[in-house]
Amino acid sequence: ELKVEQNPLFLSMQEGKNYTIYCNYSTTSDRLYWYRQDPGKSLESLFVLLSNGAVKQEGRLMASLDTKARLSTLHITAAVHDLSATYFCAFFGGSNYKLTFGKGTLLTVNP
Amino acid sequence: DAMVIQNPRYQVTQFGKPVTLSCSQTLNHNVMYWYQQKSSQAPKLLFHYYDKDFNNEADTPDNFQSRRPNTSFCFLDIRSPGLGDAAMYLCATSSRYRGVEQFFGPGTRLTVL
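Keep in mind it's a predicted model, so treat the numbers as computed, not measured.

By a widely used convention, the size of an interface equals the accessible area lost when the partners come together. Opposite the 19 residues of chain A that make contact, chain B presents 22 residues. Counting the surface lost from both chain A and chain B, the interface buries some 1,700 Å², and carbon and sulfur atoms represent 54% of this. Here chain A is connected to chain B by 0 salt bridges. In this structure, the connection of chain A to chain B is made through 4 residue pairs in polar contact (both at pLDDT 80 or more). Elements represented by at least two residues in the side of chain A that touches chain B include exactly β4 (32-37), β5 (43-49), β9 (85-92) and β10 (99-101) of chain A. Looking at side-chain class alone, the side of chain A that touches chain B contains 9 nonpolar, 6 polar and 4 charged residues.

Below, the structure is given as structure tokens:
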């Protein structure tokens, strides 16, 4: 069974702090995606990671992929309130078409 | 701008009254997906089309059907909505299989009274 373990599921942090969200997946994959979802909204694509060692950065968010460890991370630097949202990782594994999603991390950034 | 459009954005229906949700895309993508997302959960794939080929997920209830009359449009029909079908329904597209990024529409929030 394909699995994605995302943790933490809930993250409350203060503005200005750093933190990392982890995404472990159960089978070989070289395609890992991070999405952001605001309450009541759809999924917004943040990062597409296509190879081992890939690292991408956008503003205060940085994502990385280690295919050997089957691990992706989403690092938040100097968090601001606008980053409050739910973040999902997802990967293709064992199937050509089906994304397997993590359960999501609800991030709340407090002033 | 190329995009994925869903209509309506909000749909209220009565228990047992059929409802149809619409998705259109200007991306000319081969693959279209329908997801159901309930509160505080990850999206759950219901089915997808690769061109005209329909693929149903094994655990998708028979109450849910889909049509794709052409490349641009795809419809989700819920024949007899129950209270448990209240959710956000997301349409997504991709240019092909094999690990290509999926682009999501804005979603339709379905309420069942």
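Another point: unusual backbone geometry. The peptide bond linking N7 of chain A to P8 of chain A adopts the cis configuration, its omega dihedral lying at 0°. Examined against the element boundaries, P8 of chain A turns out to sit in the loop between β1 (4-7) and β2 (10-14). Even without being a glycine, A78 of chain A presents a positive backbone phi close to 50°. Position of A78 of chain A relative to the elements: it lies in the loop between β8 (71-76) and β9. Look at A78 of chain A and you get partly exposed, because its relative accessible area is 24%. Phi is positive for D51 of chain B, close to 55°, though the residue is something other than glycine. With respect to the helices, strands and loops of the structure, D51 of chain B is situated in the loop between β5 (44-50) and β6 (53-56). What makes D51 of chain B partly exposed here is its relative accessible area of 36%.

To continue, consider the sheet that holds strand β7 (residues 61-66) of chain A. Residues and elements named next belong to chain A. Spatial ordering of the open sheet is given by β1-β3-β8-β7-β6, a layout of 5 strands whose pairing is antiparallel. Here the strands that pair on one side only, and so sit at the sheet edges, are β1 and β6 (55-58). Each strand of the sheet is rotated relative to its neighbour by a mean of 15°, with strand direction disregarded. In this sheet, β8 lies alongside strand β3 (residues 19-25) in antiparallel orientation, the contact comprising 6 bridges. In the strand pairing of β8, T20 is matched with H75.

Procedures and definitions
Residues numbered from 1 in each chain as written. Chains lettered and ligands numbered in written order. Predicted model: local features only at pLDDT ≥ 70, side-chain atom pairs only at ≥ 80, totals over all residues. Heavy atoms only, no water. Contact = heavy atoms within 4.5 Å. Buried area = accessible area lost by both parts, 1.4 Å probe. Salt bridge = Lys/Arg side-chain N within 4 Å of Asp/Glu carboxyl O. Polar contact = N/O pair within 3.5 Å; in protein donor to acceptor, adjacent residues only side chain to side chain. Helix = DSSP H or I, 4+ residues; strand = E, 2+ residues; numbered from the N terminus. Nonpolar A, V, L, I, M, F, W, Y, C, P; charged D, E, K, R; others polar. Buried < 20%, exposed > 50% of the residue type's maximum accessible area, 1.4 Å probe, protein only. Pairing = 2+ DSSP bridges. Axes fitted to C-alpha atoms, helices over the stretch in contact; angles between N-to-C directions.

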